[in-house]
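In case you want the letters, here they are:
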Amino acid sequence: MSFLSRLLGSKDGPQKKSSGHLTQRLQKLESEAESAAPGYVGTSYNRAGDVALRSGDQARAIGYYGRAIDAFLEDGQREAARGVANKIIRVRPTAVRTLCTLTWLDLAAKHSATGLLHLRDYVAAAKDVDEKALAANQIFEMARVVPDSEFLGAAADALDGLDFSDRAETVREWAGEGSPDAIHDAEELSKACLRGAVNSNDPGS
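Residues numbered from 1 in each chain as written. Predicted model: local features only at pLDDT ≥ 70, side-chain atom pairs only at ≥ 80, totals over all residues. Heavy atoms only, no water.

Enquirer: Give a description of the overall build of the protein chain that names residues and reports values.
Expert: Each helix and strand in the protein chain was counted, giving ten helices and zero strands. A burial count over the protein chain gives 39% of its 205 residues as buried. Taking as baseline every contact in the protein chain between residues at least 6 positions apart, the subset at least 24 positions apart corresponds to 59%. Accessible area of the protein chain: about 10,900 Å², with a carbon and sulfur share of 50%. (Helix = DSSP H or I, 4+ residues; strand = E, 2+ residues; numbered from the N terminus. Buried < 20%, exposed > 50% of the residue type's maximum accessible area, 1.4 Å probe, protein only. Contact = heavy atoms within 4.5 Å. Areas by Shrake-Rupley, 256 points an atom, 1.4 Å probe, with all protein chains shown as cover.)

Enquirer: Now, about the pattern of salt bridges: what can you tell me, with residues and values included?
Expert: Counted according to the given criterion, the structure contains 14 salt bridges. For aspartate 181, the salt bridge is made with arginine 144, and the minimal N-O distance between the two is 3.2 Å. Here aspartate 181 is found in the loop between helix 9 (165-173) and helix 10 (186-199), whereas its partner arginine 144 is found in helix 7 (residues 132-145), with 37 residues between them in sequence. A single salt-bridge network, built from bridges that share partners, covers Glu79, Arg82 and Asp106. (Salt bridge = Lys/Arg side-chain N within 4 Å of Asp/Glu carboxyl O.)

Enquirer: An account of the nonpolar core is needed here, citing residue identities and associated values.
Expert: One finds Ile139 and Val171 to be the most contacted residues of the largest nonpolar core, which totals 58 residues. No other element matches the nine residues that helix 3 (residues 58-74) contributes to this core. Ignoring anything within four residues of it in the chain, the contact list for isoleucine 139 reads Leu119, Tyr122, Val123, Ala155, Ala158, Leu159 and Leu162. (Core = buried A, V, L, I, M, F, W, Y, C linked by side-chain atoms within 4.5 Å.)

Enquirer: Could you give me a rundown of the side chain of serine 190, with the residues and numbers involved?
Expert: Take serine 190: it is sitting in helix 10. A polar contact is formed between the side chain of serine 190 and the backbone oxygen of alanine 108, at a distance of 3.1 Å. Every residue in contact with serine 190, bar those within four places of it in the chain, is listed here: Arg78 and Ala108. (Polar contact = N/O pair within 3.5 Å; in protein donor to acceptor, adjacent residues only side chain to side chain.)

Enquirer: So what about the environment of serine 31? Which residues, and what values?
Expert: Counting through the fold element by element, serine 31 comes out in helix 1 (residues 3-35). Taking C-alpha positions, serine 31 is 8.8 Å from serine 44, a pair spaced 13 residues apart along the chain.

Enquirer: Got a sec to walk through the layout of surface pockets? Specific residues and values, please.
Expert: What the largest pocket holds in volume is close to 220 Å³. Together, 15 residues line the largest pocket, and Leu107, Lys110, Ser112, Val146 and Asp148 are the ones closest to its centre. Looking at the lining of the largest pocket, the elements with two or more residues in it are helix 5 (96-108), helix 6 (112-128), helix 8 (149-161) and helix 10. Of the residues belonging to the lining of the largest pocket, the class tally is eight nonpolar, three polar and four charged. (1 Å grid on protein atoms, 1.4 Å probe; cavity = no way out; pocket = protein on both sides within 12 Å on 5 of 7 lines; lining within 4 Å. Points joined across faces, edges and corners; volume = space filled by probe spheres on them. Nonpolar A, V, L, I, M, F, W, Y, C, P; charged D, E, K, R; others polar.)

As structure tokens, then:
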């Protein structure tokens, strides 16, 4: 073996070994997720995301975090889902779908101030990637079920910012008592917002 070959081999060897070790760890965690009891699937995917992120593979990390969110939402673990969603936002602040999910989860948990911040960021991100119509649909649905006047005002402004002025005007008309479909029972509203969070990951939503 030539000196150059040995030199290149000494550089590539550890990288290949490290990459192979990472893949093995992730495959093990995926297997754990597939065989996990209900309520624990998201935990394994979350750990896989952490492992990938520490290894510098952000794209793979976000993929695992997304699967963790889906699993947590399916199991009704909204706070766990919020925690993982926030990890994605720290890595990719303009992740449109994640910001939508977070806004729904904030509404479910009555985190009003945080919900308004995520709503603002959601609108900005949707405009950047030309998903204004999808965002408008989601925000209008939020406004339809949430009776909070402060949120309704912010939702109307958001719809104006997305160039859906007719919907914005409708939402402003709801600002007093909420829409005809507004949910005033706290527990039922929380359930509806959780369903909204689950549906927010539907590509057609």
